[in-house]
Amino acid sequence: MDFGAINPVVLVASLMVAATPILLAAIGELVVEKAGVLNLGVEGMMITGAVSGFAVAVTTGSPALGMLAAIVAGAALSLIFAVLTQVLMANQVASGLALTLFGLGFSALLGQSFVGIVPPRTEKLNFGFLSDLPVVGRILFSHDILVYASILLTAAVWYWLTYTRSGRVLRAVGENHDSAHALGYKVKRVRILAIAFGGACAGLGGAYLSLVRVPQWTEGMTAGAGWIALALVVFASWRPWRALLGAYLFGGITVLQLNLQAAGFQIPVEYLSMSPYLITILVLVVMSSSRARTTLSAPGRWVGPSMPPGDPGITKRPCPENREYVHETQRTSGHLGRRAGSRRADRLGRAGPSRR
Amino acid sequence: MLRLEKRPSPSKAWNYATPVLAVLLTMVAGGVLFVILGKNPFEAIKLIFWDPLFSEQFAAYSRPQLLVKAGPLILIAVGLSVGFRAGIWNIGAEGQYIIGALCAAAVALAFYPADSVLVFPLMILAGAAGGWAWAMIPAILKTRFNTNEILVSLLLVYVAEKLLAAAATGFMRNPDGAGFPGSRNIHQYGAASNMELFANSGLHWGGVAAFIAVLFTYLLLQRHILGFHVRLAGQAPRAARFAGVAPARLVLMCMGLSGAFAGMAGMFELAGPARLISIDFNAGYGFTAIIVAFLGRLHPVGIVLAGLLLALTYIGGELAQFMLNLPAAAIQVFQGMLLFFLLALDVLSNYRIRLAAPSRSSEAA
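Bear in mind the structure is a predicted one, so any value in this text is a computation, not a measurement. All residue numbers refer to position in the chain's written sequence, counted from 1. All chains are assigned letters beginning at A, and all ligands numbers beginning at 1, according to the order in which they are written. Predicted model: local features are reported for residues with pLDDT of at least 70 only, side-chain atom pairs are reported and counted for 80 or more only, and whole-chain, interface and lining totals are derived from all residues. As a convention, hydrogens and water are excluded, and side-chain values are obtained from all of the structure's heavy atoms.

## Re the overall build of chain A
Test applied: Going along the chain from the N terminus, every DSSP run of H or I of four or more residues is numbered as a helix, and every run of E of two or more is numbered as a strand. Each residue gets one of three labels from its accessible area relative to the maximum for its type: buried under 20%, exposed over 50%, partly exposed in between, using a 1.4 Å probe on protein chains only. In short, Shrake-Rupley with a 1.4 Å probe defines the accessible areas, and a residue's cover is counted only from the protein chains shown.
When helices and strands are counted, chain A shows 15 helices and zero strands. Buried residues in chain A amount to 59% of all 356 residues. When the accessible surface of chain A is split by element, carbon and sulfur atoms take 65% of a total near 14300 Å².

Structure follows, in structure tokens:
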């Protein structure tokens, strides 16, 4: 094999492209989870976005319209989830799974007549002479608009969650919906809007996959990207900038293994293509075993799997600053415990806007 | 203004009625879908739900298929339902199914062409052990590191699919197969073959295993302390802790059971209808089984009925594909809609719907 065939500059440039779809989906899901909802339907929304974006782009000849259609389609699908979980009080895990199963079938049905078609090209932004700069030009100034948009979106979500009133309302809803409700915030409305935003982001991410990254439509083409995005939110400890870092890391792994395949590395293709999934699992393990760190930004009411809603075990008790306590509750509550997060709810309550 | 009022305990009557209602609503919505696809909805629905069983033209072929398809669905779903009841979400049954088949194939290929009665039972054991081991990965990561078992078990499906591809094109490829991908035909290897037990019944050992699994799970849930713990952990986790239920043991038990059942299903499929290890060996039973488990209300008897119904949609779907040129994906959409309606209608068994003036409390999440 020949490592010389792998050009680091091209590698970095292409990892940004590979990371963009999962980054978009992960940022959307991050907002959803910050609002205290777990939507496991990311994969379904992504692939629905991928097919509807592709279909519209091919029929109209405009990638921009395709992206727009993907946003609408992703948000529309997520609203099914919103109605099920927020209005009809259905189980979130099951509803999310239903969304994924439905999305995979629906996209296959819709995409039938689009297999094997080449979509219209998404133009790269023109930076003039900047793109011709050595190294920097290729890495920073050679992409299409969505690569930059996804970074801007990360910044915007970070700013919004941290510094704006509405962002804090969303966090308050996620931390403790009873308190948020008592303060007069419309818990359901906030959550439904968050879910729709998550759906729109996932849809756009899917369209980026089918219109730019691949670019082609094949059945089941997201191949777990939605699930990796979900894992990425855990990796990011619910912090937008870390989601960006994580996405680029995963993008890097994906591109590197593709490059190794191309360079004729002595391992069969199948094993190399396992690596993104295996590394995602590894990262999940590392992040979840060091819980003391992750709990600091986890939404208090994040209804995680195996943490049935309505378990008052930990959240009702005061949580002192020391870590001993966190460890102790973990030990006594085992897997059924929920994240200790009431301290931040208090802080938020004080920092939040006054009702007068 | 409609208002939801939580029932003290779920309504028994609605518990039975909602799955039926969900199926009917899915038929209506499916009919609309078929109209959009430009097909006659009544003809399509009849072709999917009636003709496979009762039409003179197709029933001879498709009636036995019912048990062939329902076997693995029921076997996997009944295992999953135990975990779902305890709030332990193993959604990677598809992966455990693949690994079970791979392990069983390894046993069969190792003994090929020896003719011994022990080969088949050994394959069953290997299949169960393979599925169990694959499910133990998320289970141990969950109990040891508190890693989310949903994501891990699902991601492992993709890993299992890659392993399957590697096996079919690499280490399990038929040495006499002229380089084509795919293993030896295990169905034709007498000692390992999963034969039909009665001619034209569609019943093979997988169906028998599914029946035993249903019985076993029923007894476990209704008559054994472990089953009580499972139900307790799902309904009142805090009470379960006080009652001395060890959450870690419960996770290992539930994941292990569902994994072993899924692995066995993979083994029976391999030695029976699928015949050999190929790249497209898995047909999505592991995911459809999730729908089966919910449609059957996580109850063993309900799962049998739900498994038969979804098997019918598979067969009817194939028939509709053949007769009406209906796309294969339409059935997947159909199954997805079924789960949507089921979850939506659950509100009827858990809540009372009251007509009332809009009050402040109705906004509470």
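On we go.
## Observations regarding the confidence of the model for chain B
The criterion, for reference: Values of pLDDT, the confidence the predictor places in each residue, fall between 0 and 100.
When pLDDT is averaged along chain B, the result is 85; 97% of the residues meet or exceed 70. Of all the helices and strands in chain B, strand β1 (residues 2–6) of chain B carries the lowest mean pLDDT, 77, while helix α6 (residues 119–145) of chain B carries the highest, 93.

## Observations regarding helix α12 (residues 269–289) of chain A
Note the following rule: What a helix should span is 1.5 Å times the count of its residues minus one. We define the bend at any residue as the angle between the axes fitted to the seven residues before and including it, ending there, and the seven starting there.
A rise of 1.5 Å per residue sets the reference length of α12(A), with its 21 residues, at 30 Å; its end C-alpha atoms lie 31 Å apart and thus fit the reference within 8%. The sharpest bend along α12(A) reaches about 35° and sits at S275(A), with the proline P276(A) one to four residues further on.

## Notes on the interface of chain A and chain B
To be explicit about the condition: Residue contacts are defined here by distance: any two heavy atoms, one from each residue, within 4.5 Å place the two residues in contact. Summed over both partners, buried area is the accessible surface (1.4 Å probe) that two parts give up on being assembled. A pair is scored as a salt bridge if a Lys or Arg side-chain nitrogen falls within 4 Å of a carboxyl oxygen belonging to Asp or Glu. In protein, a polar contact means a hydrogen-donor-capable atom and an acceptor-capable atom, both N or O and within 3.5 Å, with residues adjacent in sequence counting only if both atoms are side-chain atoms; elsewhere, any N or O pair within 3.5 Å suffices.
Listed per partner, the contact involves 62 residues of chain A and 56 residues of chain B. A combined buried area of about 5100 Å² lies between chain A and chain B, and 76% of that area is made up of carbon and sulfur atoms. Taken together, the links from chain A to chain B amount to zero salt bridges. Summed over the shared surface of chain A and chain B, the number is four residue pairs in polar contact (both at pLDDT 80 or more). Those elements that place two or more of their residues in the side of chain A that touches chain B are α3 (63–87), α4 (92–111), α8 (177–182), α9 (187–213), α10 (225–235), α12 and α14 (323–333) of chain A.

## Here's the deal with the packing of helix α2 (residues 41–49) of chain B against helix α13 (residues 300–323) of chain B
Each packed pair of helices is defined by two parameters, the angle between the axes and the distance between the axes. All names here are of chain B. Applied cut-off: Lines fitted to C-alpha atoms define the axes, with helix axes restricted to the stretch in contact, and inter-axis angles between N-to-C directions lie between 0 and 180 degrees. Note on terminology: angles under 35 degrees are roughly parallel, angles over 145 are roughly antiparallel, angles of 65 to 115 are roughly perpendicular, and the others are oblique. By convention, the crossing between two helices is left-handed when the near helix turns anticlockwise from the far helix through less than a right angle, and right-handed when the turn is clockwise. For this classification, the nonpolar set comprises Ala, Val, Leu, Ile, Met, Phe, Trp, Tyr, Cys and Pro, the charged set comprises Asp, Glu, Lys and Arg, and every other residue, Gly included, is treated as polar.
With their axes 7 Å apart at the nearest point, α2 and α13 run at an angle of 125° to one another. The angle between the axes of α2 and α13 places the two elements in the oblique class. Considering how the two elements wind past one another, α2 and α13 form a crossing that is right-handed. Mapping the contact onto sequence places L47, I48 and F49 in α2 and L309, L312, T313, G316, G317, L319, A320 and M323 in α13. Class assignment for the residues of the contact of α2 with α13 results in eight nonpolar, three polar and no charged.

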